[in-house]
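Topology and contacts: notes
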2 protein chains.
Amino acid sequence: MKVAKFGGSSVADHAMLEQVASIIESDPDRKFIVVSAPGKRYDEDEKVTDLFIQLGEQFNSGQDYEVTLFKISQRFQAITDQLGLSDDIVARIENESRRLLRETTNTTHLTDGLKAMGEDSLARILSAYLNKRGTQATYVNPKDAGIIVNPEPGGAQILEKSYDEIHKLTERDGVVVIPGFFGYTETGVLTTFPRGGSDITGSIVAAGVQADLYENFTDVSSVYCVNPKIVNQPQEIHTLTYKEMRELSYAGFTVFHDEALIPAFQKNIPVCIKSTHDPDAEGTMIVASKEDLSQQVVGIASDEGFSSIYVRKYLMNREIGFGQRLLGILADMDISFEHAPSGIDDMSVIIRRDHIKGDKEERLKNRIKNELNADTVDVIHGLAMIMLVGEGMSERLHVASKATKAFADADVRINMINQGSSEVSMMFGIDENKVDQAVRSLYREFFLES
Amino acid sequence: MKVAKFGGSSVADHAMLEQVASIIESDPDRKFIVVSAPGKRYDEDEKVTDLFIQLGEQFNSGQDYEVTLFKISQRFQAITDQLGLSDDIVARIENESRRLLRETTNTTHLTDGLKAMGEDSLARILSAYLNKRGTQATYVNPKDAGIIVNPEPGGAQILEKSYDEIHKLTERDGVVVIPGFFGYTETGVLTTFPRGGSDITGSIVAAGVQADLYENFTDVSSVYCVNPKIVNQPQEIHTLTYKEMRELSYAGFTVFHDEALIPAFQKNIPVCIKSTHDPDAEGTMIVASKEDLSQQVVGIASDEGFSSIYVRKYLMNREIGFGQRLLGILADMDISFEHAPSGIDDMSVIIRRDHIKGDKEERLKNRIKNELNADTVDVIHGLAMIMLVGEGMSERLHVASKATKAFADADVRINMINQGSSEVSMMFGIDENKVDQAVRSLYREFFLES
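Cut-off values and rules
- Residues numbered from 1 in each chain as written.
- Chains lettered and ligands numbered in written order.
- Predicted model: local features only at pLDDT ≥ 70, side-chain atom pairs only at ≥ 80, totals over all residues.
- Heavy atoms only, no water.
- UniProt positions renumbered as here; feature names shortened; annotations may be inferred.
- Salt bridge = Lys/Arg side-chain N within 4 Å of Asp/Glu carboxyl O.
- Helix = DSSP H or I, 4+ residues; strand = E, 2+ residues; numbered from the N terminus.
- Buried < 20%, exposed > 50% of the residue type's maximum accessible area, 1.4 Å probe, protein only.
- Domains from an automatic or database assignment.
- Least-squares fit on C-alpha atoms with pLDDT ≥ 70 in both.
- Contact = heavy atoms within 4.5 Å.
- Polar contact = N/O pair within 3.5 Å; in protein donor to acceptor, adjacent residues only side chain to side chain.
- Buried area = accessible area lost by both parts, 1.4 Å probe.
- Nonpolar A, V, L, I, M, F, W, Y, C, P; charged D, E, K, R; others polar.
- Pairing = 2+ DSSP bridges.

The name an unreviewed UniProt entry gives chain A is Aspartokinase, with Alkalibacillus salilacus as the organism. According to the UniProt record, the Catalytic activity (unreviewed entry) comment for chain A is "L-aspartate + ATP = 4-phospho-L-aspartate + ADP". Its UniProt record gives chain A the following Sequence similarities (unreviewed entry) comment, quoted word for word: "Belongs to the aspartokinase family."

Rendered as structure tokens:
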């Protein structure tokens, strides 16, 4: 029994939906289907959800919104026409949208209601289309599916008691089609999930029905071991553990937001990333653990926009509580820190640059200087972090040696090395301008020369 | 104008004192001499200061102390006899000791008074001996020299106003001989310095008289680049900066306690480590800065007895203030931390093992677990730290690469790398049992193959 989630690009037009239907029909285990709203068909295209958001904004600011509503209807009409479905679905979208605009008095509830219309309508269309093809399918609203969330519009979190409700879906016959991206509060208010919302729904449903596999269909056939914008046609990752996935996703690496997978991870459901265009390709499996640890490094992630706060104070190492007070100032100013390498008389704290925007940087420096009597406080911008990830890393001797050689080969100076807490990753801080050459050199070292 | 300090082994017997006298006479710039108490003449020998401490303990516990006092007198008598000095000095030691035991009511003052007798007596002997040889010399008591300290027995710290007083010593003719290891409080109580006490006096006098050089005579001819107990006859370090010295001394590296040199460092007085046995050898210069940075690594230090506290909590990186609260628990329990490498969901804190003796380890674990809701808290013992130090390191690309290769070559797994705060050092955490093989491999890599 599998849960298959299809992303926005996988349901962007009628042709993609035909492909989705045949993917569903090709494997009788694909019983629970979660869908996004139609995404872009081409680069300049608009996503349906963005149109719905625009509709709400125009309504709220008293602008004319008829053109937008017409665009939305046209978009769905094109799909239903080509799939040979009745006009009722499109008529319902228009009527339901007008009803929401008219009846919803709470602005955030209106926004959430409109944002969810794309997913909801697409789920109805796919269900109808499957039935038309002779595959028994039922549209199930998240409320009926048992997806109960806390009342935080745009940031919903699933309530634990939902899972028992969701499990009852297994009693239904045929294919169950559920719109992604939203749930309902205990008082029945539609509330959307944060970013990666459809992935979250898929993950929740997989956890609830205790699926054997959660298939996440997207527009790439697998996860690459390195950013394909930096390395041309890099190797694909066949198997990734949850832990590796989470470490990699830290540095803006993955095809989806890793926290979306938490519900599935917690119930130990394996996840497979697959391409809608190439459903027979192996894809990338994300599993709890793997036996073959022969590959030291499975992925290289990189991210920019970091800054380092360097603090020097003579005899710092004698002063119990210095580190704590330094991090305390950061916490007090609501700045989360990434790493804090320390010397004998100095300590650096690595943070994301956007956490000290405007005059916050100066205020931070002054507080550190005055409250800790620091001799020196410097803030250095333009740092990038490069992360090597692999569960096989911990047992191998040569990872650090190969990695540092790769940086030296690429003429990249290492400003910071952070290794020692996570057994599955090693992190390097370098100049932002040198990320590409460093990543290419690391890729050569770990993926091409072995 | 130079300040020369002679350590305990340099003044252990009459032959060494003859050598010291000729070293002083060979350079008219050696005007201020600071001496320790006589140290061991052979492995099983007793240090004079240890005898004085024993004397005080016997007196305080009501035991017979006459044998100890006799041993002390004999030790000095042997020196004065051989140097042809009058018996008055030895008689004074015995009388003064008895007077202290009789008149000092405060036990800590008595301990300090007795502990200082070795240095004080030796300074009187050296001064008399120099005069006998025809070299004008004066014994100057630390009180008369202006060495004024705060009232912390065994842990005295110099008061800033002392320096102006000490500077007046430059007005004196001939050689000035000052006993090391103690000063006087503002109310006139003799108070000893912490460990490395004679080095501290030398450093203070050098700072006060604005010496051109502070010569620290000891029994090694220079500082080695690596522990000679691990590597046979390692290379000598010719020049070391203060910063390098301080980083190296962190890991139990140096021939003396680095903080003893702080007074000299603060007044920018260069320091030279020399051997009394081989005074013409170059020795090791410790300076504020050096121009030649071609040598990447000047020294390798290693120290054992570290433990790592590993804390894991899912979504830790989202929790602002987690690191601060973790370090806060340590500070609250009076545990100073050395390093804190962090991952995404985990953080390790490296501490010295002896900071969590007895049930403190369990209490610490429980507090972290309960107060921070950590998923996992593990304490791992048996860690050693290896430190590479060199001001030339920061500009070079290959240091990390060469170092990690050396560990791999020696089959030593790196548990932790801490680089990024200090520009002049790089630290590695490894298994305590692998220190020797790792250090030897690093020595080969950085000192033999270049």
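This part is about the pattern of salt bridges. Residue and element names in this part refer to chain A. Applying the stated criterion across every chain, the model contains 52 salt bridges over all chains. Across the pair Asp-45 and Arg-75 runs a salt bridge, and its minimum N-O distance is 3.6 Å. In this pair, Asp-45 sits in the loop between β2 (30-35) and α2 (48-60) while Arg-75 sits in helix α3 (residues 66-83), placing the two residues 30 residues apart along the sequence. Neither residue differs from the other here; Asp-45 and Arg-75 are each classed as buried.

Turning our attention to the domain arrangement of chain A. Once the domains are mapped, chain A shows domain 1 (2-219) and domain 2 (299-448). A separation of 41 Å is found between the C-alpha centroids of domain 1 of chain A and domain 2 of chain A.

On to the relation of the copies chain B and chain A, then. Rotating chain B by 179° about the axis while translating it 0.0 Å along that axis superimposes it on chain A, leaving an RMSD of 0.1 Å. Within this description, the copies of the chain are treated as partners about a two-fold rotation axis. A high fraction, 100%, of the interface residues of chain B reappear at the interface in chain A, so the copies pair face to face through one surface.

Below, the discussion takes up the environment of Lys313(B). All names here are of chain B. As for its position among the elements, Lys-313 is in the loop between β13 (299-312) and α11 (322-332). Expressed as a C-alpha distance, the spacing of Lys-313 and Asn-150, which sit 163 residues apart in the sequence, is 47 Å. Those residues in contact with Lys-313, other than ones at most four positions away along the chain, are Glu-319, Phe-322, Asp-345, Leu-372, Asn-373, Ala-374 and Asp-375. Engagement of the side chain of Lys-313 in a polar contact is seen with the backbone oxygen of Leu-372, the distance being 3.0 Å.

Next up on the list: the interface of chain B and chain A. Opposite the 58 residues of chain B that make contact, chain A presents 58 residues. Buried surface at the junction of chain B and chain A, summed over both partners, amounts to about 5,000 Å²; 53% is from carbon and sulfur atoms. Taken together, the links from chain B to chain A amount to 2 salt bridges. Taking the shortest distance from any N to any O, the salt bridge between Arg246(B) and Asp345(A) comes out at 2.6 Å. At the junction of chain B and chain A, the tally comes to 9 residue pairs in polar contact (both at pLDDT 80 or more). Among the elements of the structure, α9 (242-250), α10 (262-266), β13, α11, β14 (337-339), β15 (346-352), α13 (399-409) and β17 (416-419) of chain B are those that each provide at least two residues to the side of chain B that touches chain A. Of the residues belonging to the side of chain B that touches chain A, the class tally is 23 nonpolar, 21 polar and 14 charged. Bridge count between strand β18 (residues 416-419) of chain A and β17(B): 3 bridges; the pairing is antiparallel. Residue pairing in the sheet places Ile417(A) in a bridge with Gln419(B) of β17(B).

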